[in-house]
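Chain residues, written in single-letter form:
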Amino acid sequence: MSRESSNLSPAITTMIRLDHMHVLAAFHRYHRDSAWWRKRAIVNSVCAALEIHAQLEEEIFYPALAEVAATNQSLQASRPAHDAVRATIRELRATGPENAAYDALFMQLMRDTLHHVADEETVLLPMAERALKQQLRSLGADMTRRRIELLKERPTEVAVNTMRTFPLATLALATAFVVCLTCAVRGNARRRHG
Ligand SMILES: [Fe+2]
Ligand SMILES: [Fe+2]
């Protein structure tokens, strides 16, 4: 990515906070008495988002932080925290939403994720903002480039689960798209006839 586009990129710490917000919002859409297909869609969406987020942090964010704070306890605890989350994701995928253990497993995933996110938001992100000032935007650009590669590997899974997890947001986006398309078609027609 060019130096210019790196300078325009949001800081990596901003992107990480946005990812956290997105996952926490999805967690809050899960209810014990929801239909099984809705529970599964939310779980699939959360798991895919967590897997991509963890991989991006491990490939880009943690190595940059290790350059300046290799012995930090929260940083050292981060990869094991991701591994614990991945283990629960594997268990969830092996357990159907009709199984009584499904709710408890999802609550465990939420608890472990919240604990780890709190560590990142109160220790690692502020530390990165102090120590990596000049690099935050170029790291953000690296993260976007890598995210696009990872999303390309599972486009249908991510799109379908986002649609089922956030139906109103998807509807709003689809409506905005149709409105834009209609305006563009009308504009073209007016230019042709005008
Ligand atoms: Fe993390
Ligand atoms: Fe994170």
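Conventions we followed
Residues numbered from 1 in each chain as written. Chains lettered and ligands numbered in written order. Predicted model: local features only at pLDDT ≥ 70, side-chain atom pairs only at ≥ 80, totals over all residues. Heavy atoms only, no water. pLDDT = per-residue confidence, 0-100. Contact = heavy atoms within 4.5 Å. Salt bridge = Lys/Arg side-chain N within 4 Å of Asp/Glu carboxyl O. Helix = DSSP H or I, 4+ residues; strand = E, 2+ residues; numbered from the N terminus. Buried < 20%, exposed > 50% of the residue type's maximum accessible area, 1.4 Å probe, protein only. Axes fitted to C-alpha atoms, helices over the stretch in contact; angles between N-to-C directions. Parallel < 35°, antiparallel > 145°, perpendicular 65-115°, else oblique. Left-handed = near helix turned anticlockwise from the far one by under 90°. Nonpolar A, V, L, I, M, F, W, Y, C, P; charged D, E, K, R; others polar. Expected span 1.5 Å × (residues − 1). Arc of directions from axis to C-beta.

- An unreviewed UniProt entry lists the chain under the name Cation-binding protein, with Caballeronia glathei given as the organism.

## What about the confidence of the model for the chain?
Inference 1: Of all residues in the chain, 78% have pLDDT values of 70 or greater, and the mean over the chain is 86.
Inference 2: Predicted confidence for residues 171-185 stays below pLDDT 50, and this span has zero contacts to residues more than four positions away or in other chains.

## Here's the deal with the pattern of salt bridges
Inference 1: If you walk through the whole model with that rule in mind, you get eleven salt bridges.
Inference 2: One salt bridge in this structure joins Arg-32 and Asp-103, with 3.9 Å as the shortest N-O distance. Of this pair, Arg-32 sits in the loop between helix H2 (12-27) and helix H3 (36-69) while Asp-103 sits in helix H5 (residues 101-131), and the two are 71 residues apart along the sequence.
Inference 3: Take Asp-103: its relative accessible area is 13%, and that puts it in the buried class.
Inference 4: Residue Asp-83 is joined to Arg-86 by a salt bridge in which the shortest nitrogen-to-oxygen separation is 3.1 Å. In this pair, Asp-83 and Arg-86 both sit in helix H4 (residues 73-94), three residues apart, roughly one turn of the helix.
Inference 5: Through salt bridges with shared partners, a single network forms among Arg-32, Lys-39 and Asp-103.

## Some remarks on the packing of H2 against H5
Inference 1: Close contact between H2 and H5 brings their axes to 11 Å; oriented N to C, the two are set at 160°. When the interaxial angle is binned, H2 and H5 end up roughly antiparallel. Classified by chirality, the crossing of H5 by H2 is left-handed. Side by side, H2 and H5 meet where Thr-13, Ile-16, Arg-17, His-20, Leu-24 and Phe-27 of the first sit next to Phe-106, Leu-109, Met-110, Thr-113, Leu-114, Val-117, Glu-120, Glu-121, Leu-125, Ala-128 and Glu-129 of the second.
Inference 2: By residue class, the composition of the contact of H2 with H5 is ten nonpolar, three polar and four charged.

## Regarding H2
Inference 1: End to end, H2 covers 23 Å across 16 residues, agreeing with the expected 22 Å (1.5 Å per residue, within 8%).
Inference 2: Turning to H2, its buried residues are Ile-12, Thr-13, Met-15, Ile-16, Asp-19, His-20, Val-23, Ala-26 and Phe-27. Down the axis of H2, the sector holding all buried residues measures 160°, keeping them to one side. Exposed side of H2, more than 90 degrees from the buried face: Leu-18 and Met-21 are the residues found there.

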